[in-house]
Amino acid sequence: MSSSCDIMIEGNGIRKSFGSHEAVKGVDVTIRKGEVVSVIGPSGSGKSTFLRCLNGMETIDSGIIKIENRLFANRPGGEPDSVNQNEKREITKKVGMVFQHFNLFPHKTVLENIIEAPIIVKGVSKKEATDYALELLEKVDLLDRKNYYPSRISGGQKQRVAIARALGMKPDVMLFDEPTSALDPELVGEVLKVMKNLADDHMTMIVVTHEMQFARDVASRIIFMDNGEFLEDSDTETFFNNACNPRIQNFIQKIIEK
Ligand SMILES: Nc1ncnc2c1ncn2[C@@H]1O[C@H](COP(=O)(O)OP(=O)(O)O)[C@@H](O)[C@H]1O
Ligand SMILES: [Mg+2]
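None of these values were measured; they are calculated from a predicted model.

(A) Spatial organisation of the packing of aromatic side chains. One pass over the full model with this rule turns up four aromatic pairs. On the basis of an interplanar angle of 90 degrees and a centroid distance of 5.3 Å, the ring pair of Phe50 and Phe230 is categorised as edge-to-face. Residue Phe50 is located in helix α1 (residues 47-54), and its partner Phe230 is located in strand β10 (residues 229-235); the two are separated by 180 residues in the primary sequence. Arranged with centres 6.5 Å apart and planes meeting at 25 degrees, the rings of Phe224 and Phe239 form a pair that is stacked. With a gap of 15 residues between them, Phe224 in strand β9 (residues 221-226) and Phe239 in helix α8 (residues 236-242) connect regions that are remote in the sequence. We classify Phe239 as buried; its relative accessible area is 0%. Ring pairs connect the aromatic residues Phe224, Phe239, Phe240 and Phe251, which therefore count as one cluster.

As structure tokens, this is what we get:
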């Protein structure tokens, strides 16, 4: 039996349109603490929009989102959101996000990139932020690059810095939007390894990815998104063994053939 305390994210009827195009069509989702959920599906199916709704980068048109049992967005029938901006900002600090493109500050060193948000957004002292950043750099195996500028490190290293930077805010849940899609194939493994370590440390994670082996090995659950909806939301084993929907089979087959 799970109680509401076990739930990290709960969404009901989440909708988001861009003009007349409905990108997310009223999805329901529950993410439990410690769960690793992979979101897969064709390009344009709404995966990024869905993730961005969960961290407030998109304002939802209707629906309810709760994060750690706190209302994050509340528009059940599309009425104005009753959650105030301060409350949203507080909750957002607990939601880390890593994008396909690393978005590191080019004029800051690796270390400076990581300590920026904790100092500015959370008011942590420089000493405390630095100590923690060094710990995180050790974790992502980049301590020796701490004084490098982003232009001097590889794409895989940049993405590992981006992960450390998100972790610097001490989030309770991490959202990854195709974190390895922009990388040369030989750099994908080092990033997936860092993500697997995070999962082993029981971080709650939602990972949009085309890396089927990673999804299979690390995710406990798979959501297949198609055309703004969840076509399937099931545990990993069931998904890969029993997904009988032809669209899903076709998608998996295409990726495996690549
Ligand atoms: N900011 C935006 N403005 C207009 N259309 C958008 C915007 N973001 C996404 N879309 C559209 O919403 C749909 C879903 O996009 P997206 O969430 O990026 O899908 P995915 O991540 O699965 O590729 C696509 O048709 C896309 O063109
Ligand atoms: Mg996307």
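(B) Structural detail: the sheet that holds strand β3 (residues 36-40). Taken in spatial order, the six strands make up an open sheet running β6-β7-β8-β3-β9-β10, and their pairing is mixed. Strand pairing shows two members of the sheet lacking a second neighbour, β6 (95-98) and β10, which therefore form its edges. Mean inter-strand twist for the sheet, computed between neighbouring axes without regard to direction, equals 15 degrees. Note: β3 against strand β8 (residues 204-208), four bridges, orientation parallel. Counted as the bridge partner of Val39 is Val208 from β8. The strands touched by helix α5 (residues 155-167) are β6 and β7 (173-177); relative to β6, the strand with the most contacts, the crossing angle is about 170 degrees. Where helix α9 (residues 246-257) meets the sheet, it contacts β3, β9 and β10, and its direction lies at approximately 105 degrees from that of β9.

(C) Seen up close, the packing of α5 against helix α6 (residues 185-200). Two elements in contact, α5 and α6, have axes separated by 8 Å at closest approach and are oriented at 20 degrees. As judged from the angle between their axes, α5 and α6 are roughly parallel. Crossing of α5 over α6 shows right-handed handedness. Residues Gly155, Gly156, Gln157, Gln159, Arg160, Ile163 and Leu167 of α5 form the contact with α6, whose participating residues are Leu187, Glu190, Val191, Val194, Met195 and Leu198.

(D) Up close: helix α3 (residues 110-122). The end-to-end C-alpha distance of α3 is 19 Å, a good match for the 18 Å that 13 residues give at a rise of 1.5 Å each. At Glu116, α3 shows its largest bend, some 25 degrees, and a proline, Pro118, comes one to four positions later. All buried positions along α3 are accounted for by Val110, Leu111, Asn113, Ile114, Ile115 and Pro118. The inward-facing, buried residues of α3 contact α4 (126-139) and α5. A positive phi of about 75 degrees marks Gly123, the residue just after α3.

(E) View of the environment of Phe230. In sequence terms Phe230 and Val39 are 191 residues apart; their C-alpha atoms lie 9.3 Å from each other. If sequence neighbours within four positions are ignored, Phe230 has contacts with Val27, Asp28, Val29, Phe50, Ile223, Phe224 and Met225.

(F) A look at the pairing of strand β1 (residues 7-18). The pairing of β1 with strand β2 (residues 21-32) spans nine bridges and is classified as antiparallel. Along β2, the bridge assignment pairs Ser17 with Glu22. Linkage of β1 to β2, two consecutive antiparallel strands, is achieved through a turn of two residues, within which Gly19 is found at a positive phi near 60 degrees. Pairing between β1 and strand β4 (residues 62-67): five bridges, direction antiparallel.

(G) Representation of the pattern of salt bridges within the structure. The full count for this structure, using the stated rule, is 15 salt bridges. A salt bridge links Glu35 to Arg221; its shortest N-O distance comes to 3.0 Å. Taken together, the residues span a long stretch of sequence, with Glu35 in the loop between β2 and β3 and Arg221 in strand β9 at a distance of 186 residues. Assessed through its relative accessible area of 9%, Glu35 is described here as buried. Bridged by salt links that share partners, the residues Arg32, Glu35, Arg221 and Asp233 form one connected network.

Rules used throughout
- Residues numbered from 1 in each chain as written.
- Chains lettered and ligands numbered in written order.
- Predicted model: local features only at pLDDT ≥ 70, side-chain atom pairs only at ≥ 80, totals over all residues.
- Heavy atoms only, no water.
- Phe/Tyr/Trp six-rings, centres within 6.5 Å; stacked < 30°, edge-to-face > 60°.
- Helix = DSSP H or I, 4+ residues; strand = E, 2+ residues; numbered from the N terminus.
- Buried < 20%, exposed > 50% of the residue type's maximum accessible area, 1.4 Å probe, protein only.
- Pairing = 2+ DSSP bridges.
- Axes fitted to C-alpha atoms, helices over the stretch in contact; angles between N-to-C directions.
- Contact = heavy atoms within 4.5 Å.
- Parallel < 35°, antiparallel > 145°, perpendicular 65-115°, else oblique.
- Left-handed = near helix turned anticlockwise from the far one by under 90°.
- Expected span 1.5 Å × (residues − 1).
- Bend = angle between axes of the 7 residues up to and from the residue.
- Salt bridge = Lys/Arg side-chain N within 4 Å of Asp/Glu carboxyl O.

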